[in-house]
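# Summary of structural features
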Amino acid sequence: MKLRQIADLLGAEVLCGEQQLDEEVHSACGSDMMSDVLAYVKDQAVLITGLVNPQVVRTAMMMDMRCVVFVRGKRPTQEMVELANENHIAVLVSSHRMYEACGKLYSGGLGCEA
Amino acid sequence: MAETLRFHYDVDGDNFTSAGAASVEVKRKLRQLGFPAETIRRVSIAMYEGEINMVVHARGGTADVYVEPDSISIVLADQGPGIPDVELAMQEGYSTAPDNIRALGFGAGMGLPNMQRYTDEMKIETEVGKGTTVSMTVYV
């Protein structure tokens, strides 16, 4: 699935990474616990979270992820968007809740195994 | 790269926002040096967890990274409270992190287990009231 399709499925606003929306990603994970992302994630390129702090972006960087989707309309700070942008991570904001957002992406074909 | 490269970082214990900055820097350097992506990821996740631990539990500390062609070692040293029961601390899910840290997405009791999971060797030297030194090695 292209990042652009993720944005479309979630009706998401793109805060950065407009130029990489044609990138293909194959899997995603959803969590508000960064410790669990670091523990259980393997090659998932998209992180869906409702947690807003700079460690979300750092965690995505550590895991070589391509995109972070903030759910429940949570808006990252400008500092976080800049950190993501510098590291070629697209940032999306969706008003959907976590469960809905994951469900829409999963049924749209984005799995959880890379 | 004939000699061991050494990188030293001071980890600021008062600033959760900047925690992980040293790991990001190491990741960037290892990329420049041309290490395989999987090796870089293992090193940087282990170091990141360790860095977060030092900020959460020990008011910061130091991180030293030794890079050789066939191995990367990370030594994290702090002068924090020490770990009274290492075996317990190594159990997945066991955490003493305060609620404000959990609210930030950490403190799931996965830090030390993750560090062990992503490295080939890990050694914890700790003394209650004195501090903790965690040494980890990843073979390329």
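Residues numbered from 1 in each chain as written. Chains lettered and ligands numbered in written order. Predicted model: local features only at pLDDT ≥ 70, side-chain atom pairs only at ≥ 80, totals over all residues.

## Remarks on the overall build of chain B
The following threshold applies: A helix here means a DSSP run of H or I that spans at least four residues, while a strand means a run of E at least two residues long, and both kinds are numbered starting from the N terminus. Burial is judged by counting other C-beta atoms within 10 Å of a residue's own C-beta: 20 or more means buried, 12 or fewer means exposed, and anything between counts as partly exposed, with every C-beta placed from the backbone. Residues are defined as contacting one another if the C-beta atoms placed from their backbone atoms lie within 7 Å.
Along its length, chain B carries five helices and five strands. When the backbone C-alpha atoms are referred to their principal axes, chain B occupies close to 45 × 30 × 25 Å. Expressed as a percentage of its 140 residues, the buried residues of chain B come to 40%. Sequence-distant contacts, at least 24 apart, represent 61% of the contacts inside chain B between residues at least 6 apart.

## Brief notes about the overall build of chain A
Counting secondary structure elements, chain A contains five helices and five strands. Each helix (α) and strand (β) of chain A, taken in turn from the N terminus, gives the series α-β-β-α-β-α-β-α-β-α. Taking the principal axes of its C-alpha atoms as reference, chain A extends roughly 30 × 30 × 25 Å. Taking all 114 residues of chain A together, 47% fall into the buried category. The contacts in chain A between residues at least 6 apart in sequence include a share of 54% that link residues at least 24 apart.

## Focus: unusual backbone geometry
Residue and element names in this part refer to chain A. Its identity is not glycine, yet Asp64 carries a phi of approximately 60 degrees, on the positive side. Tracing the chain through its elements places Asp64 in the loop between helix H3 (54-62) and strand E4 (67-70). Non-glycine residue Arg72 carries a positive phi angle of around 55 degrees. Of note, Arg72 is situated in the loop between E4 and helix H4 (78-86). With 15 C-beta atoms packed within 10 Å, Arg72 lands in the partly exposed category.

## What about helix H2 (residues 37-57) of chain B?
Cut-off, in case you're wondering: By this rule the span expected of a helix is its residue count minus one, scaled by 1.5 Å.
With 21 residues, H2 of chain B should reach 30 Å at 1.5 Å per residue; the first-to-last C-alpha distance of 30 Å fits that figure. Just downstream of H2 of chain B, Arg59 of chain B is the residue with a positive phi angle, here 55 degrees.

## Focus on the interface of chain B and chain A
Spelled out, the test is: Charged means Asp, Glu, Lys or Arg here, nonpolar means Ala, Val, Leu, Ile, Met, Phe, Trp, Tyr, Cys or Pro, and polar covers whatever is left, Gly included.
Contacts between chain B and chain A engage 19 residues on the former and 16 residues on the latter. Residue assignment for the side of chain B that touches chain A shows that the elements contributing at least two residues are helix H1 (21-33), H2 and helix H5 (111-118) of chain B. Broken down by element, the residue count for the side of chain B that touches chain A peaks at six residues, all from H2 of chain B. In the side of chain B that touches chain A, the residues fall into nine nonpolar, eight polar and two charged.

## Here we look at the sheet that holds strand E2 (residues 28-30) of chain A
Residues and elements named next belong to chain A. Worth spelling out the cut-off: Paired strands, in this sense, are two strands between which DSSP finds at least two bridges. Every axis corresponds to a line fitted to the C-alpha atoms, with the helix fit spanning only the stretch in contact, and the corresponding angles, defined between N-to-C directions, vary from 0 to 180 degrees.
In spatial order, the strands read E1-E5-E4-E3-E2; together these five strands make up an open sheet with mixed pairing. Sheet topology places strand E1 (13-16) and E2 at the edges, where each strand pairs with a single neighbour. Ignoring which end each strand starts from, the neighbouring axes of this sheet average 20 degrees apart. Summarising the sheet, strand E3 (residues 46-49) and E4 pair through four bridges and their orientation is parallel.

## Here we look at the environment of Pro98 of chain B
All names here are of chain B. Note that Pro98 resides in the loop between helix H3 (86-89) and helix H4 (99-102). Given 11 C-beta atoms within a 10 Å radius, Pro98 is considered exposed. Here the alpha-carbon distance between Pro98 and His57, two residues 41 residues apart in the chain, equals 9.2 Å.

## Observations concerning the nonpolar core
So the rule is basically this: For this entry, the nonpolar core is defined as buried Ala, Val, Leu, Ile, Met, Phe, Trp, Tyr and Cys residues connected by C-beta atoms within 7 Å.
Core analysis: the largest hydrophobic core is formed by 76 residues, its most contacted members being Cys67, Val68, Val69, Ile89 and Leu92 of chain A. Aside from chain neighbours lying at most four places away, what touches Val68 of chain A is Leu47, Thr49, Val56, Val57, Ala60, Ala84, Ile89 and Val91 of chain A.

## Points about the packing of H2 of chain B against H5 of chain B
Residue and element names in this part refer to chain B. Worth spelling out the cut-off: Convention used here: angles under 35 degrees read as roughly parallel, angles over 145 as roughly antiparallel, angles from 65 to 115 as roughly perpendicular, and any remaining angle as oblique. Each helix crossing is assigned a hand: it is left-handed if the near helix lies turned anticlockwise from the far helix by less than a right angle, otherwise right-handed if that turn is clockwise.
Relative orientation of the contacting elements H2 and H5 amounts to 155 degrees, with a least axis distance of 9 Å. On the basis of their axis angle, the class for H2 and H5 is roughly antiparallel. Judged by the twist between their axes, the crossing of H2 over H5 is left-handed. Across the interface between the two elements, Arg42, Ile45, Ala46, Glu49, Gly50, Ile52 and Asn53 of H2 pack against Gly111, Asn114, Met115 and Tyr118 of H5. Tallied by class, the residues present in the contact of H2 with H5 amount to five nonpolar, four polar and two charged.

## Some details on the sheet that holds strand E1 (residues 5-12) of chain B
Residue and element names in this part refer to chain B. Here five strands make up an open sheet; going across it, the order is E1-E2-E3-E5-E4 and the pairing antiparallel. Of all strands in the sheet, those with a lone pairing partner are E1 and strand E4 (121-127), marking the two edges. Taken over all neighbouring pairs, the strand axes of this sheet differ in orientation by 10 degrees on average, direction set aside. By the bridge criterion, eight bridges tie strand E3 (residues 71-78) to strand E5 (residues 131-139) in an arrangement that is antiparallel.

The values are spatial; any link to function lies outside them.
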